[in-house]
Amino acid sequence: KVGFQKIAGSYVLKVVTSTKTPTVVVQKKSYSEGYKNIVFPITSSTQDRQKVNWAVTIAQAFGAKVHLIPKFESEKFHKRRIMNVTKQIKDFMTEQKVEFADKVSSPEAGNFAKQVIDYAVDNEADLIMTLVDKDKTFFFASWDEQIIFNSSQIPVICINPVDTNKTS
């Protein structure tokens, strides 16, 4: 992102948010040996579960380890929700025989996006998974946008969540 794109949004975000297909955003740094360490941030959004099948599929294809990073929440409702979503994800990964590790973020360590990126760098991640919040891509940087444009140039797979509240 350069110049006016920082204010109005980048072309990358416009492409990512306009498709229903997961999109891998790759910067200058390349990875030619597949994915061995996948970082999977977890927030209080129940939509994070929509990333699980993609994480399992990629992990099984490449023999990768998935690093779960539940976001620290002090508020009781969100904390309970993250714990429940994390447990469901762990149970499914165990059932699918996918190796995983988990590390809860810390309120003292700064913003969540920075913690995810720092963890990815420390654990030599070659892919970060995120859901793209279409409502936060125009006039300010959301945490998922910070991850997509990470200065460590780690590729990011962007999943557009499906609205599960819609009725036919």
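Residues numbered from 1 in each chain as written. Predicted model: local features only at pLDDT ≥ 70, side-chain atom pairs only at ≥ 80, totals over all residues. Heavy atoms only, no water.

Brief notes about the side chain of E73
By secondary structure assignment, the location of E73 is in the loop between β3 (65-70) and α4 (76-95). Ignoring any residue separated from it by four or fewer positions in sequence, one finds E73 in contact with H78, K79 and I82. (Helix = DSSP H or I, 4+ residues; strand = E, 2+ residues; numbered from the N terminus. Contact = heavy atoms within 4.5 Å.)

Side note on the packing of aromatic side chains
Applying the stated criterion across every chain, the model contains one aromatic pair. On the numbers, 5.3 Å between centres and 85° between planes, the contact of Y35 with F62 is edge-to-face. Taken together, the positions of Y35 in the loop between β1 (23-25) and β2 (37-42) and F62 in helix α3 (residues 52-62) put the pair 27 residues apart, joining distant regions of the chain. Residue placement shows K51 over the ring face of F40; its charged tip is 4.5 Å from the ring centre. (Phe/Tyr/Trp six-rings, centres within 6.5 Å; stacked < 30°, edge-to-face > 60°. Lys NZ or Arg CZ within 6 Å of the ring centre and 35° of its normal.)

A closer look at unusual backbone geometry
Phi is positive for E124, which is not a glycine, with a value near 50°. The residue E124 is located in the loop between α5 (112-122) and β5 (127-131) in this model. E124 gets classed as exposed once you look at its relative accessible area, which sits at 65%. Of note, Q153 is a non-glycine position whose phi angle comes to about 60°, a positive value. Mapped onto the elements, Q153 comes out in the loop between α6 (143-148) and β6 (156-159). (Buried < 20%, exposed > 50% of the residue type's maximum accessible area, 1.4 Å probe, protein only.)

Points about the pairing of β2
Taken across its six residues, β2 has six buried, putting it largely inside the fold. Neither face of β2 is exposed, since N37, V39 and P41 on one face and I38, F40 and I42 on the opposite face are all buried. By the bridge criterion, six bridges tie β2 to β3 in an arrangement that is parallel. Its bridge partner lying in β3, N37 is registered against K65. Since β2 and β3 lie parallel, the crossover through α3 that links them has a hand, and here it is right-handed. Pairing of β2 with β5, which is carried by two bridges, proceeds in the parallel orientation. When the sheet's bridge partners are listed, I38 is paired in β5 with L127. (Pairing = 2+ DSSP bridges. Right-handed = clockwise from strand over helix to strand, strands pointing away.)

Brief notes about α3
Within α3, burial applies to V52, A55, V56, I58 and A59. As for α3, its buried residues are in contact with β2, β3, α4, β5 and β6.

Brief notes about the pattern of salt bridges
For side chains of opposite charge, pairing can occur when their charged atoms come near one another. Per the stated rule, a full pass over the model turns up five salt bridges. In this structure, the salt-bridge partner of K65 is E99, at a minimum N-O distance of 3.9 Å. Linking K65 in strand β3 with E99 in the loop between α4 and β4 (100-102), this pair joins segments that are 34 residues apart in sequence. A salt bridge links K87 to D91; the shortest N-O distance between them is 2.7 Å. Of this pair, K87 and D91 are both found in helix α4, four residues apart, which corresponds to roughly one turn of the helix. (Salt bridge = Lys/Arg side-chain N within 4 Å of Asp/Glu carboxyl O.)

Regarding the sheet that holds β5
Read from one edge to the other, the open sheet built from six strands follows the order β1-β6-β5-β2-β3-β4, with strand pairing classed as mixed. With partners counted over all chains shown, the strands left at the sheet margins are β1 and β4, one partner each. Neighbour to neighbour, the strand axes of the sheet diverge by 25° on average, direction disregarded. Along the sheet, α3 makes contact with β2, β3, β5 and β6, crossing β2 at roughly 170°. (Axes fitted to C-alpha atoms, helices over the stretch in contact; angles between N-to-C directions.)

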